[in-house]
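Summary of the model geometry
What follows is each chain in one-letter form.
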Amino acid sequence: EEPPAHAIFILATTEPHKIPPTIISRAQRFDFKAINTDSIVERLQYVAESQSIAYDQDALAFIAKVSEGGMRDALSIMDQAIAFGDDRLTLKDALDVTGSLDESDLNALFQDVVQGDVHAAFERYHSFVSEGKEVNRLINDMIYFVRDTIMIKTTGETPTFDALVQYDLEILYKMIDIINDTLVSIRFSVNQNVHFEVLLVKLSEMIKEVAQTGDVVVNHAPSESNDAMVRRMEALESELRTLKSQGITGQSAPPKPKQTKRRGGGSTYSVEQIAKVLDKANKEDIARIKERWADVIQYAKDRDQKALVSLLQNSEPVAASEDKVLVKFEDEIHCEILKRDNEKKESIENVVRDIINKSVEVVGVPADKWMQVRSDYIDQRKHGKTQQTTSQQQDNVVQKAKDLFGEDTVHVIEDET
């Protein structure tokens, strides 16, 4: 209530509208603008060169674009892409980490749409999904693609990709409206695939209508194909609700491969492996590894193993047994890399072995999941011990009865209720 005169409180937020008026009335407000793309690229270049990291210029430009003016986000994506790749930061690594598409892939998708080949567009889209691309990210990439085409047409630059350059600005504006409407509605949908397919049909029908009439109709009536897609979407959503009411989970999207690069979900770490570490964890082993963990990171630095250093930089061992160690990673994607990439996993284990003179298996857990995983493990152990204790007590009562009245007199009847 009464801080000392020299104390200054700084509140940083990306959602100022959520700050109560009682706070705003007592504070000075400073709004920081988004950093321009050129400045972000320049900073990323400085970081890469100061760390002796080879990079492709296209990769830095892409990271700067998707960070949307946030330097912290740009550096975080760059760090993940370095850890994900090998000795060089490439555009493919950046695309895989963010789940985005290359402009050539987007160009091919729009070419299918404007040519009226919706079937080919559907197949191309589902191939993107099977590679681990996210629908939300894909829609954002489409908006950026149309926006870049508008910039090229208004500035007179030479276009790199030509799927949309032949269309007037009004048509491109309408495209952005249609894509953005889908982005908004898809957040509340149970079936994102159908919404995206309807989007492809809408864009194709709009282009077809412009070719026939020469007019851009803002609220044109759905075509027969569009009606069919809407009916299909409603039927699928109804079916999904029925399955959920029966306790069955339906899979609406094509299954993603095991090499998916996206965050979240239990697929990035193994609860079973974590439990195996915690079952035999002891204070001596974790104290020994914690004491030498900084040496493990320095060991990788001294040998110029940049990808390994980036992977271990913000890690911390949290539990260890005789032959296993559980490592907490700040970025969940690092856990996924450890789980999916056996080569990197073996490299870390080799470094740990060289430092502590003992072979151990390294298991990863995300920092934001660790406390929940730990709590669940403790609850399970308590539950298991309670059941075991109850069973032992029952056995003791039976044995005492047999000792008092004789084994021939006492009969144990199992309660099946």
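Examining the overall build of the protein chain
- Of the regular secondary structure elements, the protein chain holds 17 helices and five strands.
- Restricting to contacts in the protein chain with at least 6 residues of sequence separation, those with at least 24 account for 72%.
- Of the roughly 25400 Å² of accessible surface on the protein chain, a fraction of 48% belongs to carbon and sulfur atoms.

Observations regarding the sheet that holds strand S5 (residues 361-366)
- The mixed open sheet is built from three strands, whose spatial order is S3-S4-S5. Both edges of this open sheet fall to strand S3 (315-320) and S5, since each of them pairs with a single strand only. Strand-to-strand, the axes of this sheet are offset by a mean angle of 35 degrees, without reference to chain direction.
- Where S3 lies against strand S4 (residues 324-329), five bridges are found, and the strand directions are antiparallel. When the sheet's bridge partners are listed, glutamate 316 is paired in S4 with lysine 328.
- Helix H12 (residues 271-279) contacts S3, S4 and S5 of the sheet and is inclined by roughly 125 degrees relative to S4.

Comments concerning the pairing of S5
- With respect to burial, S5 is a largely interior element, five of its six residues being buried.
- When S4 meets S5, the two strands line up parallel, connected through six bridges. Following the sheet pairing, valine 325 is matched in S5 by valine 362.

A look at the packing of helix H3 (residues 57-66) against helix H4 (residues 71-84)
- Between H3 and H4, the least distance of the axes is 8 Å, while the angle of their chain directions is 135 degrees. For the element pair H3 / H4, the angle class is oblique. As for the relative orientation of H3 and H4, their crossing is right-handed in sense. Contacts between H3 and H4 involve Leu60, Ile63 and Val66 from the first element and Ala74, Ile77 and Met78 from the second.

Some points on H4
- Helix length check: H4, at 14 residues, gives a terminal C-alpha distance of 20 Å against a target of 20 Å (1.5 Å per residue), a fit within 8%.
- Three or more residues of H4 are buried, namely Met71, Ala74, Ile77, Met78, Gln80, Ala81, Ile82 and Ala83.

Some remarks on the nonpolar core
- Core analysis: the largest hydrophobic core is formed by 38 residues, its most contacted members being Phe110, Met142, Leu164, Met175, Ile179, Phe196 and Leu203.
- Mapped by element, the contributors of at least two residues to this core are helix H6 (103-114), helix H7 (118-130), helix H8 (135-155), helix H9 (169-186) and helix H10 (192-213).
- Discounting residues that sit within four places of it in the chain, phenylalanine 110 has contacts with Met142, Phe145, Val146, Ala163, Leu164, Met175, Ile179 and Leu203.
- Counting residues in hydrophobic clusters, the runner-up holds 26 residues, among them Ala83, Val296, Leu308 and Ala320.

Overview of the environment of glutamate 330
- Note that glutamate 330 resides in the loop between S4 and helix H15 (332-340).
- A sequence separation of 14 residues divides glutamate 330 from glutamate 316, and the C-alpha atoms of the two residues are 8.8 Å apart.
- Each residue touching glutamate 330, except ones within four places of it in the same chain, is listed here: Asn314 and Ala367.

Some words on unusual backbone geometry
- The backbone phi angle of serine 52 is positive, close to 55 degrees, even though this residue is not glycine.
- Tracing the backbone shows serine 52 in the loop between helix H2 (37-50) and strand S1 (54-55).
- Unusually for a residue other than glycine, glutamate 68 sits at a positive phi of about 55 degrees.
- Among the structural elements, glutamate 68 can be located in the loop between H3 and H4.

What about the packing of helix H13 (residues 283-302) against helix H16 (residues 342-356)?
- The geometry of H13 relative to H16 is characterised by a closest axis approach of 9 Å and an angle of 120 degrees between their N-to-C directions. One way to sum up the angle between H13 and H16 is to call them oblique. The crossing of H13 and H16 is right-handed. On H16, the residues touching Arg288, Ile289, Arg292, Trp293, Asp295, Val296 and Tyr299 of H13 are Val351, Val352, Asp354, Ile355 and Ile356.
- Of the residues contributing to the contact of H13 with H16, the split by class is eight nonpolar, no polar and four charged.

Some remarks on the pairing of S4
- Counting buried positions along S4 gives six out of six residues, so the element sits mostly inside the fold.
- Burial along S4 is two-sided: Lys324, Leu326 and Lys328 and Val325, Val327 and Phe329, pointing in opposite directions, are all buried.
- Where S3 hands over to S4, the hairpin turn is made up of three residues, counted between the paired strands.

Criteria and thresholds
Residues numbered from 1 in each chain as written. Predicted model: local features only at pLDDT ≥ 70, side-chain atom pairs only at ≥ 80, totals over all residues. Heavy atoms only, no water. Helix = DSSP H or I, 4+ residues; strand = E, 2+ residues; numbered from the N terminus. Contact = heavy atoms within 4.5 Å. Areas by Shrake-Rupley, 256 points an atom, 1.4 Å probe, with all protein chains shown as cover. Pairing = 2+ DSSP bridges. Axes fitted to C-alpha atoms, helices over the stretch in contact; angles between N-to-C directions. Buried < 20%, exposed > 50% of the residue type's maximum accessible area, 1.4 Å probe, protein only. Parallel < 35°, antiparallel > 145°, perpendicular 65-115°, else oblique. Left-handed = near helix turned anticlockwise from the far one by under 90°. Expected span 1.5 Å × (residues − 1). Core = buried A, V, L, I, M, F, W, Y, C linked by side-chain atoms within 4.5 Å. Nonpolar A, V, L, I, M, F, W, Y, C, P; charged D, E, K, R; others polar.

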